[in-house]
Amino acid sequence: MRILLVYPTYPDTFWSFKHILPFISRKAAFPPLGLLTVAAKLPAQWDKRLVDANVAPLRGEDLAWADMVFISAMVVQEAGAKDVIARAKAMGKRIVAGGPAFTAQPERFPGVDHFVLNEAEITLPPFLEDLSRGTPKPLYTSTERPDISRTPIPQWDLIDFRDYVTMSVQYSRGCPFDCEFCDIVVLNGRRPRVKSTDQMLCEMESLHEAGWSGPVFIVDDNFIGNIASVKQFLPRLVDWQVRHGYPFKFMTEASINLAQDGELVRLLSKANFHKVFIGIETPSTDSLKECGKKQNVATDFSQAIKTLHQNGLQVMGGFIVGFDSDTEGIFEQQIRFIQKIGVVTAMVGILTAMPKTRLWSRLKAENRLLGNATGENTDASLNFIPTMRRKTLINGYKNLLSTLYTPEFYYDRINTFLKNYNPTARGKLVWSDFRAFLKSLWRIGILSRARIWYWKLIITTALTKRKALPVAVELAILGRHFQLVAKRALQAKDAWADEPAENTSHPL
């Protein structure tokens, strides 16, 4: 069998990091980890070829070569996935699809021959068995949660490391929390399942032996969901990093209770973690309670963020507006809150009802759903009827974005961050770092309207906190990306704005 694995195009979002790529001469931020792992589960004797459409366009000759086309996608990649399906069907290819987008709503993808949904450790083997007998079924699904300690090492040889900014690995699946708007529990359950420490170190070794050195994203929904296991893993990871000369700088996602565990914070720092994404969501206690974000309610965010920054963990924060409890004052409240806590990379979006979440079910029962989620909460599009007037919500959101990513506000957050930041990550500067710096001198320091703030940041940091200068340069470049994403959101039109009747607000 000749298997073509295709990862569809990813739209321009906060997480695409599309606008930093020209600075560092890379083509995409992250590799398609799911497809690389699925490839490792396919029969070794099969020929495999992977096309990441974010790196290079899917060619007709690739499709012509293939006996079957495997597609994996997230909800935000729906348009790209449908394009791949249409092209493959036009050439008479059999299509196998799996991943979050297909698991959530397989009915949205006509043309797929075989859906292999949920977690591939459970659903892929029976598909392969049926295929070998010539009797594959159209649908394979399961509610069983597999033991991921048996998940194979991703097949790294299918990609070119030089195309990517960061490599990805997975340690656990699932999250102990059950936020109303989040589809993590739907996809991966509430009991965090982890890989063994030996298994993870084998993955690190395989990645290192394959030639990678640099950033690694541990893509877990909540890396500290199983704290006891993480605390067993991290000391071994520290030893591995020391033995190998710290080849990797890690980033991950975690819940805010991380900041309350001094031992865990110190272990992350020693293991060379330098970034952590945290779903902060909102300063509104009522909205946090509404969405079930109980772990955030009693948190002193200023102190929590300060603690993480002091231990070398730069916080990337997720924020949301559009909860039922939000009033018209939430936009100004969010601005003051984000500026105060000094989260530079503040990823702010409008609440989205993702398929099969508790929020989706509640809004459907209340007859408030308007349509399907795009999976992209920065496109200024609502797929439900809000309690606030929708025009007020969308305009307030656009003003929030436009304010946060003006040079004045963005660089002010960098300064707040640097006051508390203690760089702890180890790693050598390479030529690509210097090249990115030189490009930033021209593109931001000369051509950008942020040039005054840029030069002030670079000079001040060089004189007062030299170890943090690479981070300051990186944040300046990231600012360019976020400003352009925000600009696109400001120009976006609400897909449901012209819907008739009670779509402007919802009386509770």
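Our structure's up above, just so we're on the same page.
Presented here is an overview of the structure given in this document. Bear in mind that the values here come from a model prediction, so they are computed numbers and not experimental data.

1. Examining the sheet that holds strand S5 (residues 114-116)
Right, on to step 1. Taken in spatial order, the 6 strands line up as S2-S1-S3-S4-S5-S6 in an open sheet, and their pairing is parallel. The open sheet has two edge strands, strand S2 (47-52) and strand S6 (139-140), and neither has a second partner.
Right, on to step 2. Here 4 bridges tie strand S1 (residues 2-7) to strand S3 (residues 68-72), and the two strands are oriented parallel to one another. Paired with Leu5 across the two strands is Phe70, which belongs to S3.

2. Details of the packing of helix H16 (residues 390-404) against helix H20 (residues 469-491)
Right, on to step 1. Viewed as axis vectors pointing N to C, H16 and H20 meet at an angle of 155 degrees, and their least axial separation amounts to 9 Å. Comparing the axis directions of H16 and H20 gives the class roughly antiparallel. The two elements H16 and H20 cross, and the hand of that crossing is left-handed. Each of Lys398, Leu401 and Ser402 in H16 lies in contact with H20, whose residues at this interface are Ala486, Ala489 and Leu490.
Right, on to step 2. For the contact of H16 with H20, the class distribution of residues is 4 nonpolar, 1 polar and 1 charged.

3. Considerations on the packing of helix H14 (residues 330-341) against helix H17 (residues 407-420)
Right, on to step 1. The geometry of H14 relative to H17 is characterised by a closest axis approach of 7 Å and an angle of 40 degrees between their N-to-C directions. Between H14 and H17, the contacting residues are Ile335, Ile338, Gln339 and Lys340 on the first element and Phe409, Asp412, Arg413 and Thr416 on the second.
Right, on to step 2. Partitioning the contact of H14 with H17 into residue classes produces 3 nonpolar, 2 polar and 3 charged.

4. Description of the state of the cysteines
Right, on to step 1. On inspection of all chains with the given rule, the structure shows 0 disulfides.
Right, on to step 2. Note on Cys175: no disulfide assigned, nearest cysteine sulfur contributed by Cys179 at a separation of 6.6 Å.
Right, on to step 3. On the basis of relative accessibility, which here comes to 9%, the residue Cys175 falls in the buried class.

5. Concerning the environment of Ser172
Right, on to step 1. For Ser172, the location among the structural elements is in strand S8 (residues 172-173).
Right, on to step 2. Placed 112 residues apart in sequence, Ser172 and Ser284 show a C-alpha to C-alpha distance of 30 Å.
Right, on to step 3. Leave out the neighbours within four places in its chain, and Ser172 touches Ile148, Arg193, Val194, Asp220 and Asn222.
Right, on to step 4. Here the side chain of Ser172 touches Asp220 through a polar contact of 2.6 Å, side chain to side chain.

6. Topic: the pattern of salt bridges
Right, on to step 1. Scanning all chains against the criterion turns up 29 salt bridges.
Right, on to step 2. The closest approach of N and O atoms between Glu119 and Arg145, which form a salt bridge, is 3.4 Å. Of this pair, Glu119 sits in the loop between S5 and helix H6 (120-132) while Arg145 sits in the loop between S6 and strand S7 (167-169), placing them 26 residues apart in sequence.
Right, on to step 3. The buried category is assigned to Glu119, whose relative accessible area is 6%.
Right, on to step 4. On the accessibility criterion, Arg145 (32% relative accessible area) is partly exposed.
Right, on to step 5. The partner of Arg173 in a salt bridge is Glu121, and the shortest N-O contact between them spans 2.7 Å. A residue pair is termed long-range when its members are at least 10 positions apart, and Arg173 in strand S8 and Glu121 in helix H6 qualify at 52 residues. Per residue, the accessibility class of Arg173 equals that of Glu121, and both read buried.
Right, on to step 6. Connected through salt bridges with shared partners, the residues Glu180, Glu290, Asp324, Arg362, Glu366 and Arg368 form a single ionic network.

7. Topic: the sheet that holds strand S12 (residues 273-281)
Right, on to step 1. Pairing is parallel in the open sheet, where 6 strands are placed in the order S7-S10-S11-S12-S13-S14. Edge strands, defined here as strands with exactly one partner in the open sheet, are S7 and strand S14 (346-350). Strand-to-strand, the axes of this sheet are offset by a mean angle of 20 degrees, without reference to chain direction.
Right, on to step 2. In this structure, strand S11 (residues 248-254) lies alongside S12, joined through 5 bridges in parallel fashion. Looking across to S12, one finds that Glu253 is bridged to Phe277.
Right, on to step 3. Its contacts with the sheet put helix H8 (residues 197-209) on S7, strand S10 (214-218) and S11, and the angle it makes with S7 is roughly 160 degrees.
Right, on to step 4. The strands that H14 touches are S12, strand S13 (314-321) and S14; relative to S13, the one it contacts most, it runs at about 175 degrees.

8. Notes on the packing of aromatic side chains
Right, on to step 1. Counted by the stated rule, this structure contains 28 aromatic pairs.
Right, on to step 2. Ring centres of Trp15 and Phe17 lie 5.9 Å apart, and the angle between their planes is 80 degrees; this geometry places the pair in the edge-to-face category.
Right, on to step 3. The class for Trp15 is partly exposed, based on a relative accessible area of 23%.
Right, on to step 4. Taking the centre distance of 5.3 Å and the plane angle of 45 degrees together, the rings of Phe30 and Phe217 count as tilted. Taken together, the residues Phe30 in the loop between helix H1 (21-24) and helix H2 (33-41) and Phe217 in strand S10 connect sequence positions 187 residues apart.
Right, on to step 5. For Phe217, a relative accessible area of 6% translates into the label buried.
Right, on to step 6. Ring-pair connections join several aromatic residues into one group, and the members of that group are Phe14, Trp15, Phe17, Phe30, Phe217, Phe277, Tyr405, Tyr410, Tyr411 and Phe482.

Calculation criteria
- Residues numbered from 1 in each chain as written.
- Predicted model: local features only at pLDDT ≥ 70, side-chain atom pairs only at ≥ 80, totals over all residues.
- Heavy atoms only, no water.
- Pairing = 2+ DSSP bridges.
- Helix = DSSP H or I, 4+ residues; strand = E, 2+ residues; numbered from the N terminus.
- Axes fitted to C-alpha atoms, helices over the stretch in contact; angles between N-to-C directions.
- Parallel < 35°, antiparallel > 145°, perpendicular 65-115°, else oblique.
- Left-handed = near helix turned anticlockwise from the far one by under 90°.
- Contact = heavy atoms within 4.5 Å.
- Nonpolar A, V, L, I, M, F, W, Y, C, P; charged D, E, K, R; others polar.
- Disulfide = S-S within 2.5 Å.
- Buried < 20%, exposed > 50% of the residue type's maximum accessible area, 1.4 Å probe, protein only.
- Polar contact = N/O pair within 3.5 Å; in protein donor to acceptor, adjacent residues only side chain to side chain.
- Salt bridge = Lys/Arg side-chain N within 4 Å of Asp/Glu carboxyl O.
- Phe/Tyr/Trp six-rings, centres within 6.5 Å; stacked < 30°, edge-to-face > 60°.

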